[in-house]
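# Architecture at a glance
Listed below are the residues making up each chain.
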Amino acid sequence: MKKTIRDFDLNNKKVIIRVDFNVPIKNQMITDDTRIKESLDTINYAINNNAKVILMSHLGRIKTKEDEIKNDLQIVSERLSKLLNKEIIFINATRGIELEKAINDLKCGDVLLMQNTRYEDLIDQKESSNDLRLGKYWASLGDIYINDAFGTSHRAHASNVGIATYLPSGIGFLIEKELKYLQPIINNPKRPFVVILGGSKVSDKIGVIKNLVNKADYILIGGGMAYTFLKASQINIGKSLVDEENIDFCKYVLENYADKIILPIDTVNVEKIEDSAATRQCFINEIKENEIGIDIGYNTLKLFKTYLEQSKTVIWNGPVGIFEIDSFSKGTRGLCEILKNISAVKIIGGGDTASAVINLGYKDCFDHISTGGGASLELLEGKKLPGIEVIEENEN
Ligand code: AMP
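Cut-off values and rules
- Residues numbered from 1 in each chain as written.
- Predicted model: local features only at pLDDT ≥ 70, side-chain atom pairs only at ≥ 80, totals over all residues.
- Heavy atoms only, no water.
- Domains from an automatic or database assignment.
- Contact = heavy atoms within 4.5 Å.
- Buried area = accessible area lost by both parts, 1.4 Å probe.
- Salt bridge = Lys/Arg side-chain N within 4 Å of Asp/Glu carboxyl O.
- Nonpolar A, V, L, I, M, F, W, Y, C, P; charged D, E, K, R; others polar.
- Buried < 20%, exposed > 50% of the residue type's maximum accessible area, 1.4 Å probe, protein only.
- Helix = DSSP H or I, 4+ residues; strand = E, 2+ residues; numbered from the N terminus.
- Pairing = 2+ DSSP bridges.
- Right-handed = clockwise from strand over helix to strand, strands pointing away.

Here we take up the domain arrangement of the protein. Each assigned domain of the protein is listed here: domain 1 (5-173) and domain 2 (180-380). Listed as interface residues are seven residues of domain 1 and, on the opposing side, nine residues of domain 2. The largest contributions to the domain 1 side of the interface with domain 2 come from Glu-38, Phe-150 and His-154, which together make up 77% of the buried area. The interface formed by domain 1 and domain 2 includes one salt bridge. Arg-155 is the partner of Glu-378 in a salt bridge, and the nearest nitrogen-oxygen pair spans 3.7 Å. Taken together, the residues of the side of domain 1 that touches domain 2 sort by class into one nonpolar, three polar and three charged.

Turning next to the pairing of strand β9 (residues 193-197). Within β9, five of the five residues are buried, leaving the element largely enclosed by the surrounding structure. Residue alternation in β9 divides its side chains into two sets, Phe-193, Val-195 and Leu-197 and Val-194 and Ile-196, and both sets are buried. Where β9 lies against strand β15 (residues 313-317), five bridges are found, and the strand directions are parallel. The partner of Leu-197 across the bridge, within β15, is Asn-317. Across four bridges, β9 lies against strand β10 (residues 218-221) in parallel orientation. Bridging from a neighbouring strand, Ile-196 pairs with Leu-220 of β10. For the crossover that starts at β9, traverses helix α9 (residues 206-212) and ends in the parallel β10, the hand is right-handed.

This next bit is on the side chain of Thr-300. One can find Thr-300 in helix α12 (residues 298-310). The contacts of Thr-300, once residues within four sequence positions are left out, are Pro-264, Ile-265 and Asp-266.

Printed below as a string of structure tokens:
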């Protein structure tokens, strides 16, 4: 077990919290502040326990001076101030006298937000390459380090691994919740354990399939990646998405785990991917040469339901159709409806699936929606996340 923020006496301590404020911004407006809201529990806990709070986050990628203008955290500081109903001391610097003085002047309960950690990437990628001197310098600004940025914990950066190497460290409430739901899946899931995989490419999910095929009772496959599996089982898939390089991998999985891999039995097709395209549903062996499969069909949903109804744990990663187009989202929506009515522990593995279920209005039907697409995928692949590994163990 990792130490958490609760394991420290925060009173009068300078507490660096690495949060994930990497929010989408359009026309200088934050279009979705979920990530800021998700960090509030940890920040409020630190405030209420008399800490001097120093927040660090990245925003976007920084390669040029223009990127710096686009990814200025000032706008986030304003939103955070509204959400906390509290003044935020925003420092437009990632190092230097102004930052150091502002930190030394902090009073208990104050909150300071430093400029985007990736401004340090402009020269030699210092943040993203975990420059040792940068990590040590940032660590010198605080007394305790708390990592609550799950979405970046699969990367070793100066603002996570770097700082944690030099300070007493723990995780925040957000990472604690991620681990609470994701770790049992990897170690000891309640069975039957069913994995739903979709999305576009097989290549992105190879690691997950390799790791979970031995742990899961069933893997239900939909989305674009299903057509590569279907092609590997000699089915004509017309012009559907295919990941040629991974056909052999799919064949291997189908041959060795035939009883675990459940493929679609029908499909919804179009001739062109566009909003107004006419759709045609057919059985899987009836796809025409000029058709593209864009969703799972009604019979596949019924088939998937038989597995899901018995399940005790379900994790879903990857939409089963091109859900961004309303008339192609029936499979993904139908799956949400099925999951809504079953009593298993239901987890969404982040990324596109998270936006799909939230946009379709099913957010509350899941026990946990992971905040880190890449990080949760790597956990499910059985990998260790460096930003979490580096955190001290709780010996008690
Ligand atoms: P991923 O990031 O790999 O999870 O892929 C998510 C994307 O897969 C979404 O943008 C979906 O539109 C896309 N997707 C789902 N089903 C299909 C399909 N049948 N053909 C092409 N793309 C698909």
